[in-house]
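# Observations on the three-dimensional arrangement
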Amino acid sequence: MILHALVDDYEVARAAIDGGATLLQLRLKNLPTAELVEEGRPFRDLCANSGVTFVVNDDVEAAIALGADGVHLGRDDGGIERARAAGLKLGLSAQSLDEALAADNEHPDYVGVGPVWATPVKPGVPALGLERLREICESIAAPVVAIGGIDATKAALCLDAGAVGVAVVRASVDAAAVRTALERAAV
């Protein structure tokens with residue numbers, strides 16, 4: 001079971017890890033690589049000291065410089081081959097079955113699929129819903145991590161649809177409740 005917390009704030013990262021996050025994705029948008037590396041060091045150290053997987057969003061070079069465990073690339077991000085050459089775990093994003101199938105062809109470690117529900121983090125992006133999530137989970141070989149509008153009340157539904165875990169943004173501060181919901185669903 002994966003509880004993937006996407007964070008841009010150190011205190012939220014600490015709360016997510018204290019709450020049981022198994023993977024922390026540093027999501028500082030639109031920073032130059034050097035600045036992202038500088039800002040990312042405390043997050044990397046927090047993850048290393050906590051035994052939590054550390055992933056950098058969108059920037060393969062920053063992930064390498066930080067000694068991250070992995071990188072998560074969006075649909076329009078390059079760097080898959082560079083990430084592989086560096087030995088990074090690779091996560092890819094998908095918002096439809098076609099995108100999930102294309103991502104799966106790259107043999108990632110996981111595919112982040114969503115938004116499952118509407119979310120202010122991705123305004124204007126239509127929600128997939130649970131049936132589409134289920135269809136994607138059944139159609140690709142890579143493990144699926146559901147994202148988008150997920151909190152403690154919805155996390156178990158994603159596992160029921162076939163996801164191996166969930167990713168949270170706003171609910172990162174409430175990771176303990178999300179983790180409890182996932183553990184109950186896994187029993």
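Attention in this report is confined to the structure presented alongside it. (Residues numbered from 1 in each chain as written. Predicted model: local features only at pLDDT ≥ 70, side-chain atom pairs only at ≥ 80, totals over all residues. Heavy atoms only, no water.)

Bringing the overall build of the protein chain into the picture now. Assigned secondary structure in the protein chain consists of eight helices and eight strands. A compact globule built from 187 residues would reach a C-alpha radius of gyration of about 16 Å, and the protein chain, at 15 Å, matches this within 12%. Along the three orthogonal principal directions, the C-alpha set of the protein chain runs to about 40 × 35 × 30 Å. Looking at the protein chain as a whole, 47% of its 187 residues qualify as buried. Each charge class in the protein chain can be summarised by its mean position, and for the 16 positive and 27 negative side chains these summaries are 2 Å apart. (Helix = DSSP H or I, 4+ residues; strand = E, 2+ residues; numbered from the N terminus. Rg over C-alpha atoms; globule rule 2.2 N^0.38 Å. Buried < 20%, exposed > 50% of the residue type's maximum accessible area, 1.4 Å probe, protein only. Lys, Arg positive; Asp, Glu negative; His and termini not counted. Charge placed at Lys NZ, Arg CZ, Asp CG, Glu CD.)

Attention now goes to the sheet that holds strand S2 (residues 23-26). In a beta sheet, neighbouring strands pair by backbone hydrogen bonds and run either parallel or antiparallel. One closed barrel holds the eight strands; their spatial order is S1-S2-S3-S4-S5-S6-S7-S8, and the pairing between them is parallel. For this sheet, the mean angle separating the axes of adjacent strands, direction not counted, is 25 degrees. Here strand S4 (residues 70-73) runs beside strand S5 (residues 89-94); their pairing, made up of four bridges, is parallel. The residue of S5 that forms the bridge with Leu73 is Leu92. Sheet strands touched by helix H8 (residues 175-186): strand S1 (2-7) and strand S8 (165-168). Its angle to S1, the strand with the most contacts, is close to 160 degrees. (Pairing = 2+ DSSP bridges. Axes fitted to C-alpha atoms, helices over the stretch in contact; angles between N-to-C directions. Contact = heavy atoms within 4.5 Å.)

Attention now goes to the nonpolar core. Side chains of a nonpolar character, in soluble globular proteins, are inclined to be buried together. Counting 58 residues, the largest nonpolar core has Leu24, Leu133 and Val166 as the members making the most contacts within it. Looking at this core element by element, the count peaks at five residues for helix H2 (residues 33-50). Ignoring anything within four residues of it in the chain, the contact list for Val166 reads Ile2, Leu3, His4, Val145, Ala146, Ile150, Ala155, Cys158, Val178 and Leu182. Formed by six residues, the second largest nonpolar core is a distinct cluster that contains Leu6, Leu23, Val145 and Ala167. (Core = buried A, V, L, I, M, F, W, Y, C linked by side-chain atoms within 4.5 Å.)

Another aspect to go through is the pairing of strand S3 (residues 53-57). Two faces make up the sheet, and in a regular strand the side chains alternate between them. With five of its five residues buried, S3 lies for the most part within the structure. Alternating residues of S3 divide into Thr53, Val55 and Asn57 and Phe54 and Val56, and every residue in both groups is buried. One ladder, built from four bridges, connects S2 with S3; its direction is parallel. Within the sheet, the bridge partner assigned to Leu24 lies in S3 and is Phe54. Each parallel crossover has a hand, and for S2 linked through H2 to S3 it is right-handed. Judged from the three bridges that link them, S3 and S4 form a sheet pairing that is parallel. (Right-handed = clockwise from strand over helix to strand, strands pointing away.)

The next subject is the pattern of salt bridges. Across all of its chains, the model carries eight salt bridges by this definition. Residue Arg84 is joined to Glu81 by a salt bridge in which the shortest nitrogen-to-oxygen separation is 3.3 Å. In this pair, Arg84 and Glu81 are both assigned in helix H4 (residues 80-85), three residues apart and thus about one turn of the helix distant. A salt bridge links Arg134 to Glu131; the shortest N-O distance between them is 3.8 Å. You can see Arg134 and its partner Glu131 sitting in helix H6 (residues 129-139), three residues apart, about one turn around the helix. (Salt bridge = Lys/Arg side-chain N within 4 Å of Asp/Glu carboxyl O.)

Interaxial distance between helix H1 (residues 10-18) and H2 falls to 10 Å at its minimum, and their mutual angle equals 15 degrees. Between H1 and H2, the angle is such that the two are roughly parallel. Between H1 and H2 lies a crossing of right-handed hand. On H2, the residues touching Tyr10, Ala13, Arg14 and Ile17 of H1 are Pro42, Phe43, Leu46, Cys47 and Ser50. Taken together, the residues of the contact of H1 with H2 sort by class into seven nonpolar, one polar and one charged. (Parallel < 35°, antiparallel > 145°, perpendicular 65-115°, else oblique. Left-handed = near helix turned anticlockwise from the far one by under 90°. Nonpolar A, V, L, I, M, F, W, Y, C, P; charged D, E, K, R; others polar.)

A few words on the environment of Val111. Residue position: Val111 is located in strand S6 (residues 110-113). Given the relative accessible area of 0%, Val111 is considered buried. Residues Val111 and Ser93, spaced 18 residues apart in sequence, show a C-alpha to C-alpha distance of 5.6 Å. Filtering out sequence-adjacent residues up to four positions away, Val111 remains in contact with Leu92, Ser93, Ala94, Ala103, Ile140, Ala142, Pro143, Val144 and Val145.

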